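# Chain and residue survey
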Amino acid sequence: MPTAAAPGGDGLDEAVTIGVSVHVPEPYGSRVQDARAGYGDPLARSIPTHVTLLPPTETRTGLLPGIERHLRAVAAAQRPFRMLLQGSGTFRPVSPVVFVRVEEGAQECRVLEAEVRSGPLARELAFPYHPHVTVAHGLPEPVLDAAYEGTKRFRAAFEVTEFVLSRFGADAVWRPCAAFRFGGA
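Residues numbered from 1 in each chain as written. Predicted model: local features only at pLDDT ≥ 70, side-chain atom pairs only at ≥ 80, totals over all residues. Heavy atoms only, no water.

Turning next to the packing of aromatic side chains. Describing an aromatic ring pair means giving the distance of the ring centres and the angle of the ring planes. Under the criterion given, the structure shown has six aromatic pairs. Their ring planes at 35 degrees and their centres at 4.6 Å tell us that F91 and F99 sit as a pair that is tilted. Residue F91 is classed as partly exposed on the basis of its relative accessible area of 26%. An aromatic cluster is present here, built from F81, F163, F180 and F182 joined pairwise through their rings. (Phe/Tyr/Trp six-rings, centres within 6.5 Å; stacked < 30°, edge-to-face > 60°. Buried < 20%, exposed > 50% of the residue type's maximum accessible area, 1.4 Å probe, protein only.)

Right, here's the structure in full:
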């Protein structure tokens with residue numbers, strides 16, 4: 001079966017892992033990354049601080065132009081909204097994750113997530129969607145306890161005007177590759 005040429009590639013329609021998220025702006029993004037690193041989370045510096053809209057999803061490079069068209073259409077239909085990140089939460093005992101809660105903007109994230117995860121990005125999720133910002137993941141229980149306590153006083157408020165498509169690199173680092181501004185931004 002013939003395959004589409006990968007942009008800048010060797011003619012193969014290569015597999016690529018992508019994700020879509022709302023990035024947390026500075027100085028808040030660095031503060032969360034610093035906290036993650038302080039708790040010993042090995043992923044702290046390889047993932048920009050974000051609220052996930054599409055979890056890691058494998059696709060083919062030949063499908064990326066259609067995916068980007070889909071994301072542009074989703075973004076064009078959105079309006080900016082205020083996000084307030086405040087306090088700590090956890091998915092334990094189901095999953096060893098401590099996070100900052102999305103206090104304002106959660107409903108807008110749910111709408112965005114459903115729109116993003118449709119069309120060419122339609123897929124089932126392992127867990128129901130819950131917007132959050134991860135602070136610690138897969139660490140020993142005492143460290144997760146400390147992260148939960150240390151995050152209780154975290155607070156960040158900002159305007160969300162876009163979401164970002166990122167690619168997972170061979171070096172295990174997530175890198176933004178395109179931003180999609182909202183139609184009303």
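On to the environment of A146, then. Examined against the element boundaries, A146 turns out to sit in helix 4 (residues 141–151). The class of A146 is partly exposed, set by a relative accessible area of 37%. Separated by ten residues in sequence, A146 and A136 place their C-alpha atoms 9.7 Å apart. (Helix = DSSP H or I, 4+ residues; strand = E, 2+ residues; numbered from the N terminus.)

Tallied over the full model, the rule gives nine salt bridges. Among the salt bridges present, the one from E141 reaches R92, with a minimum N-O distance of 2.7 Å. A residue pair is termed long-range when its members are at least 10 positions apart, and E141 in helix 4 and R92 in the loop between strand 3 (81–90) and strand 4 (97–104) qualify at 49 residues. When its relative accessible area of 44% is taken as the criterion, E141 is described as partly exposed. Measuring nitrogen to oxygen at the nearest pair gives 2.6 Å for the salt bridge that ties R101 to E103. The network of salt bridges with common partners includes R92, E141 and D145. (Salt bridge = Lys/Arg side-chain N within 4 Å of Asp/Glu carboxyl O.)

What follows covers the sheet that holds strand 2 (residues 50–60). Spatially, four strands are ordered 2-1-7-8 in an open sheet, and the strand pairing comes out antiparallel. Here the strands that pair on one side only, and so sit at the sheet edges, are strand 2 and strand 8 (174–181). Each strand of the sheet is rotated relative to its neighbour by a mean of 25 degrees, with strand direction disregarded. Each of strand 1 (15–23), strand 2 and strand 7 (162–168) touches helix 3 (residues 106–116); the most contacted strand, strand 2, lies at about 5 degrees to it. (Pairing = 2+ DSSP bridges. Axes fitted to C-alpha atoms, helices over the stretch in contact; angles between N-to-C directions. Contact = heavy atoms within 4.5 Å.)

Let's shift gears to the confidence of the model for the protein. Taken residue by residue, the protein gives an average pLDDT of 92. The fraction at 70 or more is 92%. Taken together, the stretch residues 1–9 has pLDDT below 50 and engages in 14 contacts with residues farther than four places along the chain or on a different chain. (pLDDT = per-residue confidence, 0-100.)

What follows concerns the environment of V94. Within the secondary structure layout, V94 lies in the loop between strand 3 and strand 4. Note on V94: relative accessible area 62%, which makes it exposed. Sequence spacing of V94 and P120 is 26 residues, and the spatial spacing of their C-alpha atoms is 29 Å.

Strand direction decides the pairing type here: strand 1 and strand 7, joined by four bridges, are antiparallel. What sits directly across from I18, in strand 7, is R167. For strand 7 and strand 8, the ladder comprises seven bridges, and the chain directions are antiparallel. Bridging from a neighbouring strand, E162 pairs with R181 of strand 8. Two successive antiparallel strands, strand 7 and strand 8, enclose a turn made up of five residues, where A172 displays a positive phi of approximately 65 degrees.

Moving on, we get to helix 4. Residues L144, A147 and T151 constitute the buried set of helix 4. Each buried residue of helix 4 lies within a common arc of 60 degrees when the element is viewed along its axis, so the set occupies one face. Buried residues in helix 4 make contact with strand 3, strand 4 and strand 5 (132–137). (Arc of directions from axis to C-beta.)

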